[in-house]
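Summary of the model geometry
As a plain string of letters, each chain reads:
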Amino acid sequence: MGVEFVDLFDKWASSYDDTVAGSDPEYKEVFEGYDEMLDRVAEHALSPAIEFGVGTGNLSRKMIERNKIVIGVEPSREMRKIASVKCPEAAIYEGDFIDFPDFQLPVQSIVSSFAFHHLTFDEKEEAVKKYHQLLAENGEIVFLDTLFQSETAKKEIQNEAKQQGFLNLFNDLEEEHYEYLQDMTRIFENNGFNVSFEQQNKFAWLIRAVKKENA
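Since the model is a prediction, treat every value here as computed from it, not as a measurement.

Cut-offs and rules
Residues numbered from 1 in each chain as written. Predicted model: local features only at pLDDT ≥ 70, side-chain atom pairs only at ≥ 80, totals over all residues. Heavy atoms only, no water. Helix = DSSP H or I, 4+ residues; strand = E, 2+ residues; numbered from the N terminus. Salt bridge = Lys/Arg side-chain N within 4 Å of Asp/Glu carboxyl O. UniProt positions renumbered as here; feature names shortened; annotations may be inferred.

Side note on unusual backbone geometry
Of note, the bond from Ser47 into Pro48 is cis; its omega dihedral lies within 30 degrees of zero at 0°. Along the chain, Pro48 falls in the loop between α3 (34–44) and β1 (49–52). One non-glycine residue with positive phi stands out, namely Phe114, at about 50°. Looking at where Phe114 falls in the secondary structure, it is placed in the loop between β4 (107–113) and α6 (121–134). Backbone geometry at Asn138 places phi at a positive 65°, although glycine is not the residue there. Position of Asn138 among the secondary structure elements: in strand β5 (residues 135–146).

As for the pattern of salt bridges
All told, the structure shown has 14 salt bridges when counted by the stated rule. Of the charged contacts, one joins Glu29 and Lys202 as a salt bridge, the two residues approaching to 3.0 Å between their closest N and O atoms. Of this pair, Glu29 sits in the loop between α2 (16–20) and α3 while Lys202 sits in the loop between β6 (193–199) and β7 (204–211), and the two are 173 residues apart along the sequence. With a shortest N-O distance of 3.4 Å, Arg77 and Glu78 are connected by a salt bridge. Taken together, the shared-partner salt bridges in this structure form one network comprising Asp39, Glu43, Lys62 and Arg66.

Digging into the UniProt feature "domain: Methyltransferase" (unreviewed entry) in the protein
Per the UniProt record, the feature "domain: Methyltransferase" (unreviewed entry) sits at residues 50–139. For residues 50–139, the end-to-end C-alpha separation is 11 Å, with 36% helix and 24% strand making up the annotated structure.

Below is the structure:
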């Protein structure tokens, strides 16, 4: 799953924190309000939590500061190195959204930020199905990611990026697996979750999916 992105993230690791802080004009709007958005995920997360796509450990750090137990999963070796220094309290493992160690504990939350879009639609369904089995009763998925309300809305943002000369952003929007709200709703509801969405900025949405009772 998403192995084609590992080399990219190994190379991006050293400058990732600068990017999410707004240093790159192309991606400034994508990450607008980054710290506040991570705060919201960390506040909703229940302990113990598994974080997929840990990256450099920014979300993990916020959960740890709220006295939550964090288990991290990250495919990029260079990202894991940085996250391990930033979050020595967390146990961080090699893996991805679908292939990860067998954690022998009741998991209350599964969280992620700006990473779930690396999966195809079918891979997202496979992952969410696994999470339903992994989560304790009334457990919750809390994801932060780029989504679009419709194809029209996505095209408008793509055209705007192209007009601004943001060709890297334009290509990302064209090539990566960003879902529409109705499709993401179907993924969660078909796999035993009640899901809600809250827009955070022009690109990012907070996704909260609670495991249905007896589902």
